[in-house]
Each structure stands twice: as C-alpha cells, then as structure tokens.
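Listed here are the chains, written in short residue letters.
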Amino acid sequence: MNRITTTRLKKMKQGGEKIACLTAYDASFAHILDAAGVEILLVGDSLGMVIQGQETTLPVSLDEMIYHARAVRTGSEKALLMVDMPFMADATPEQAMHSAGRLMKEGGAQMVKLEGGSVLLETVQALAARGIPVCSHLGLLPQSVHKQGGYRVQGRDEAGALDMISDASAMQAAGADMLLLECVPATLAAEITRAVEIPVIGIGAGPDVDAQVLVLYDMLGITPGKRPSFSHDFLADSGDISAAVAAYVQAVKGGSFPSSAHSF
Ligand code: KIV
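Residue numbers run consecutively from 1 along every chain, following the written order of its sequence. For a predicted model such as this one, the threshold for reporting local features is a pLDDT of at least 70, and the threshold for listing and counting side-chain atom pairs is 80 or more; totals across whole chains, interfaces and linings nevertheless cover every residue. To obtain the side-chain values, all non-hydrogen atoms of the structure were used and water was disregarded.

Caption draft 1: Quick peek at the environment of Arg-73. Looking at the secondary structure, you find Arg-73 in helix 4 (residues 62-75). The spacing of Arg-73 and Ala-109 is 36 residues in sequence and 7.9 Å in space, taken between C-alpha atoms. Whether two residues are in contact is decided by their heavy atoms, any of which lying within 4.5 Å being enough. Not counting chain neighbours up to four residues away, the residues in contact with Arg-73 comprise Arg-3, Leu-81, Gly-107, Gly-108 and Gln-110. Note on conventions: DSSP H or I runs of at least 4 residues are helices, E runs of at least 2 residues are strands, and numbering of each starts at the N terminus.

Caption draft 2: Region of interest: the site of the ligand. The environment of the ligand is made up of Thr-23, Leu-42, Gly-44, Asp-45, Ser-46, Asp-84, Lys-113, His-137, Leu-180, Glu-182, Ile-203 and Val-215. Note that an oxygen atom of the ligand is positioned 3.1 Å from one of the side-chain N or O atoms of Asp-45. Note that an oxygen atom of the ligand is positioned 2.7 Å from one of the side-chain N or O atoms of Lys-113. The nearness test applies per residue and asks whether one of its heavy atoms lies within 4 Å of the molecule or strand. Here a polar contact is taken to be a pair of N or O atoms separated by no more than 3.5 Å, where protein atoms must pair a possible hydrogen donor with a possible acceptor and residues adjacent in sequence count only if both atoms sit in side chains.

Caption draft 3: Highlighting the confidence of the model for the chain. What pLDDT reports is the predictor's confidence in each residue, on a scale of 0 through 100. On average, residues of the chain carry a pLDDT of 97, and 100% of them reach 70 or more. Highest mean pLDDT in the chain belongs to strand 2 (residues 40-43) (99); lowest belongs to helix 11 (residues 234-238) (95).

Caption draft 4: Helix 8 (residues 158-174), seen in detail. Helices are assigned an expected span. That span is 1.5 Å times one less than the residue count. The first and last C-alpha atoms of helix 8 sit 24 Å apart over 17 residues, in line with the 24 Å expected at 1.5 Å per residue. Elements that come into contact with the buried residues of helix 8 comprise helix 6 (121-129), strand 5 (134-139), strand 6 (178-182) and helix 9 (186-195). Once helix 8 ends, the next one or two residues include Gly-175, with phi positive near 115 degrees.

Spelled out as structure tokens, the structure:
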C-alpha cells in the first residue's frame, strides 16, 4: 500500500512537519488534491451541507458516506482516507463497530472520525482494540449543533477549556490516533497539541496545531452564503483549482495559513 499511514503522520508531528488536509467528496477533486500533496482526504459529513444543500449534517446516512468515500478512494492514490461517522451511526459501541466496519470495507476508509469526547470513551477503546484507527473530533461538534446552541467557538471559558484538555488526553489513552479541534481558541489548541503525542488537526483552531483542514468548497469560495471567518478563498487568489490547492498546501506547510485573522 502506497498510501500515507498513521505512523507517517505521527513521524511528521515529531519532526515538526505540518500536515495538509482537505475535505473531498468525489473522485475528480480527490485526484487534484492528491496530486497537490494533500496528505489527508477527509470525506466529511459536511457533504450534507455543501453537496446535498441540507441545513445541517444530521440527515447524512451511512450509505451516503460510503458512496462518497468509495469515489474519493478511487480518485486518489497517496493520501490517507479519513471518513466521518455520520450522526448516530455510533450511538452504541456495537453500532459504531458495525458502522466503522462498513466505512472501511465498503468505503475504503483508513480512519474513521467520531464527534464527541468522554461520552465516546468506551467506543474509541473498542474500535482501537479491533484495529480501527480513530480521529476524535472535539470543540465545535456540527452534529451537536442543536445542543451547542449554534456554530460557536468552544472552550472559551475555563471549565470548557479544562474539559477539552481532559477529553483530549482521555481519547489518546483510549487509543485514538488523531484529534481534530474545531473552532477552539488558538492558545487552547496549542496547549492540547503540546500535551498529546498524536497529531492534532485544526479548523478554526489557530496555527499552532500539527495539521490544518478546511472544507474544500469554502477554500474554493463556492459554498453558497456566508463562509466561516477562519476559512480563506484560495481560488480567488490563484484563479485555477489546482493552483489554489497547491497554494493551500504551501501556506499550511510554510505556516502562513492560518493567520491571526483566521483564528480565535
Ligand atoms: O464534516 C467535515 O467536513 C468536518 C470538518 C469541518 C472538519 O468534520
């Protein structure tokens, strides 16, 4: 297998080499991203919003995730393929095991991403014990948008920050191979990144994390309506999709993205 592995990503963290990640939903874009050197392709359940035009990610089904994962797998050769566990496909550890198995066997996922902290401890332990790499998504949880009261920065207060720090180390101890922090103050994200050995991907989490991810359609400026303040339209700067993705990879690797204007 020529694809990037979790071992390679851990070595990149140890060596201080930044990791570039983008969402992908189909074979054609996956091919462009892979060729530009994006190391992780995330088949995000954001596809519910940017592909299907839904208001939230909640309606996305496991079969839809598998359909898009398979397309991204077909279109790429090198990048690690991470696939989102859709809403409630991990409601119990048994269900998570079944869903992750399908994402890997039918979708070709190398890693599954689960939204949530300590509530998923047993689930992450069970998945890791069965050889399933897990990325634990903390901070703003789009699948919990109704509970979190909207798309808001998380961990601004001391209690929220302490909970996130403790969730991060609990997830690492449970066997997670990666963390993703969404919409988290930059100082908190930096503290968590220093505290764990596994790579930390940030989105709206400042520059001092190991990897950056953006929703592809946000960074190409084609998501309808208001786009997140932490994103940047790389297509507007370059006028060509392949060049825009290459510019993103270069900006992540060189540390010029995200800037303080894209951070909380
Ligand atoms: O679904 C998705 O695209 C994600 C990113 C926002 C990180 O989870």
